[in-house]
Amino acid sequence: QVQLVASGGGLVQPGGSLRLSCAASDSGSIFSFGAVGWYRQAPGEQRDLVATITTKNSTFYADSVKGRFTISRDDAKNTVNLQMDNLNSEDTAVYYCNAVGAIVARIGWGQGTQVTVSS
């Protein structure tokens, strides 16, 4: 069963930037399940949807990241990326990528990547 795997996390200072990448675990299209979303889960918190991109390139952003995060696709690399700028401590979380909607329950969650914003 293909899963989507996140990478690119790390430690960054407040106001800094990071670029996350999401890839499929096998050779299938990253859009095999339709739209792709980035999610994050802070310690003790539920996992929240951060941004999505559809197969037709429509995008959605949570209010908390609007204007700071940019989701994009790289068809040559079969990836979906999340450019994160002007990071603050509230962005600290494990970031995951996955499909969007009810199908997530069927395919499960791949490996996430830790983002820590701290001075």
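Check the entry above for the structure.
Note that the structure is a prediction, hence the values are computed from the model and not measured.

Engineer: How should the nonpolar core be read in this particular structure?
Structural biologist: The biggest cluster of nonpolar side chains holds 34 residues, and the ones touching the most others in it are Trp-38, Val-80, Leu-82, Met-84 and Tyr-95. In this view, Val-80 contacts Leu-20, Ser-21, Cys-22, Ile-30, Phe-31, Val-36, Trp-38, Ile-53, Ile-71, Ser-72 and Arg-73; residues no more than four positions away in its chain are not counted.

Engineer: Looking at this structure, I do not really get the side chain of Asn-98. What am I missing?
Structural biologist: Tracing the backbone shows Asn-98 in strand E9 (residues 93–99). By relative accessible area, which is 1% here, Asn-98 ends up buried. A distance of 2.9 Å separates the side chain of Asn-98 from the backbone oxygen of Gly-108, its partner in a polar contact. Excluding residues that lie within four positions of it along the chain, Asn-98 makes contacts with Leu-4, Ala-35, Val-36, Gly-37, Tyr-39, Val-104, Ile-107, Gly-108 and Trp-109.

Engineer: Looking at this model, I keep getting lost on the packing of aromatic side chains. Mind explaining?
Structural biologist: Each aromatic ring pair is described using two quantities: the centre-to-centre distance and the angle formed by the ring planes. Going through the model one piece at a time under the given rule, you end up with two aromatic pairs. Ring geometry for Tyr-96 and Trp-109: centres 5.8 Å apart, planes at 75 degrees, overall edge-to-face. Here Trp-109 lies in the loop between helix H1 (104–107) and strand E10 (113–117) and Tyr-96 lies in strand E9, a separation of 13 residues in the sequence. On the basis of relative accessible area, Trp-109 is assigned to the partly exposed category, the value being 30%. Three or more aromatic residues joined by ring pairs form one cluster here, namely Tyr-39, Tyr-96 and Trp-109. Stacked on the ring of Tyr-96, the Lys or Arg Arg-47 has its end atom at 4.5 Å from the ring centre.

Engineer: It is not clear to me how the sheet that holds strand E1 (residues 4–7) should be interpreted in this structure. Could you clarify?
Structural biologist: Note on sheets: strands pair through backbone hydrogen bonds, and any given pair is parallel or antiparallel. Across the sheet, four strands lie side by side as E1-E3-E8-E7; this open sheet has antiparallel pairing. Edge positions in the sheet fall to E1 and strand E7 (69–74), since each of these pairs with one other strand and no more. The average undirected angle you get between the axes of adjacent strands in this sheet is 20 degrees. In the sheet, E1 pairs with strand E3 (residues 18–24) via four bridges, with the strands oriented antiparallel. Within E3, the position partnered with Val-5 by the bridge is Ala-23.

Reading guide: rules and limits
Residues numbered from 1 in each chain as written. Predicted model: local features only at pLDDT ≥ 70, side-chain atom pairs only at ≥ 80, totals over all residues. Heavy atoms only, no water. Core = buried A, V, L, I, M, F, W, Y, C linked by side-chain atoms within 4.5 Å. Buried < 20%, exposed > 50% of the residue type's maximum accessible area, 1.4 Å probe, protein only. Contact = heavy atoms within 4.5 Å. Helix = DSSP H or I, 4+ residues; strand = E, 2+ residues; numbered from the N terminus. Polar contact = N/O pair within 3.5 Å; in protein donor to acceptor, adjacent residues only side chain to side chain. Phe/Tyr/Trp six-rings, centres within 6.5 Å; stacked < 30°, edge-to-face > 60°. Lys NZ or Arg CZ within 6 Å of the ring centre and 35° of its normal. Pairing = 2+ DSSP bridges. Axes fitted to C-alpha atoms, helices over the stretch in contact; angles between N-to-C directions.

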